[in-house]
Amino acid sequence: MLETRIKQTLRDVADFPKPGIIFKDITPVLKDAALCAEITKALADQLKGVKIDVVAGIESRGFLFGLALAQVLDVPFVPIRKAGKLPYKTIQQSYDLEYGSATLEVHEDAFTAGQNVLIHDDLLATGGTVVAASKLVNQLQANVVAYSFLISLDFLNGKDRLNLFSPNTFSLVSY
Ligand SMILES: O=P(O)(O)OC[C@H]1O[C@H](OP(=O)(O)OP(=O)(O)O)[C@H](O)[C@@H]1O
Ligand SMILES: Nc1ncnc2[nH]cnc12
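In this report, the structure presented in the accompanying data block is examined. (Residues numbered from 1 in each chain as written. Chains lettered and ligands numbered in written order. Predicted model: local features only at pLDDT ≥ 70, side-chain atom pairs only at ≥ 80, totals over all residues. Heavy atoms only, no water.)

## Details of the site of ligand 2
Every residue near ligand 2 is listed here: Ile-21, Ile-22, Phe-23, Lys-24, Arg-61, Glu-98, Tyr-99, Leu-123, Ala-125 and Leu-153. Measuring from a nitrogen atom of ligand 2, one finds a backbone N or O atom of Ile-22 at 2.9 Å. One of the side-chain nitrogen or oxygen atoms of Arg-61 is found 3.2 Å away from a nitrogen atom of ligand 2. A total of three residues in the shell around ligand 2 trace back to one element, the largest contributor, which is strand E2 (residues 22-25). A breakdown of the residues in the shell around ligand 2 according to their chemical character gives seven nonpolar, no polar and three charged. (Near = heavy atom within 4 Å. Polar contact = N/O pair within 3.5 Å; in protein donor to acceptor, adjacent residues only side chain to side chain. Helix = DSSP H or I, 4+ residues; strand = E, 2+ residues; numbered from the N terminus. Nonpolar A, V, L, I, M, F, W, Y, C, P; charged D, E, K, R; others polar.)

So, in structure tokens, the structure goes:
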């Protein structure tokens, strides 16, 4: 089963980046090309029946499978980045996450009004990051139609915060 193989390949790193956090390290997964191809296909399969115009991936780990997924779905990819990285005019949202706080930005012409956006990230923890990303999508009058993650830390209840934007939350691996 794919979920079991991903879990067996991921590496838990205790106390990174702060004491008490068990960090889910996806770098061993990235070294397995066949597994990465299966993951991309499985992420796309979960989204069958959802009409998606754009995939938005969140810096940095959301870029890894986000672009691959956009290619399989044959739709544009939009990078949502940490503050100060995007060169053109941006809009911003600040947020808290499992181990800190940060600001996300997107180009002001990244989405057009009425577009259906899939937000992709590697991992859902508290949901702070994707809530901020969703606000950026809505600020540009586009809709969040689904969320896709490789990993969901269900014990942190991030999914509950996402229902406000879209009830469609998919992940390949849950803890
Ligand atoms: O659900 P949350 O509590 O908001 O946490 C999840 C976020 O935390 C991690 O990103 P991080 O900010 O560490 O950045 P990185 O992808 O650049 O490593 C992860 O990739 C998610 O984006
Ligand atoms: N426990 C965790 N492992 C990896 N990335 C994370 N982002 C937020 N919490 C995380």
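## A word on the site of ligand 1
Taken together, 15 residues lie around ligand 1, and Tyr-99, Asp-121, Asp-122, Thr-126 and Thr-129 are the ones closest in. For the shell around ligand 1, the secondary-structure elements that each account for two or more residues are strand E7 (116-124) and helix H5 (128-139). If you tally residues by element for the shell around ligand 1, the top one is E7, at three residues.

## So, the sheet that holds strand E3 (residues 54-58)
Spatial strand order, E5-E6-E4-E3-E7-E8-E9: seven strands in an open sheet with mixed pairing. The open sheet has two edge strands, strand E5 (90-97) and strand E9 (169-174), and neither has a second partner. Direction aside, neighbouring strands of the sheet carry axes that sit 25° apart on average. Here helix H4 (residues 61-73) sits on the sheet and contacts E3, strand E4 (77-82), E7 and strand E8 (143-152); the angle it forms with E7, its principal contact strand, is near 140°. (Pairing = 2+ DSSP bridges. Axes fitted to C-alpha atoms, helices over the stretch in contact; angles between N-to-C directions. Contact = heavy atoms within 4.5 Å.)

## A word on the packing of aromatic side chains
Using the criterion set out here, one finds four aromatic pairs in the structure. Relative to Phe-77, the ring of Phe-63 lies with its centre 6.1 Å away and its plane at 85°, an arrangement referred to as edge-to-face. Remark: Phe-77 occurs in strand E4 and Phe-63 occurs in helix H4; sequence separation between them is 14 residues. Taking 6.4 Å as the distance between ring centres and 10° as the angle between the ring planes, the aromatic pair formed by Tyr-147 and Phe-149 counts as stacked. A relative accessible area of 0% places Phe-149 in the buried class. (Phe/Tyr/Trp six-rings, centres within 6.5 Å; stacked < 30°, edge-to-face > 60°. Buried < 20%, exposed > 50% of the residue type's maximum accessible area, 1.4 Å probe, protein only.)

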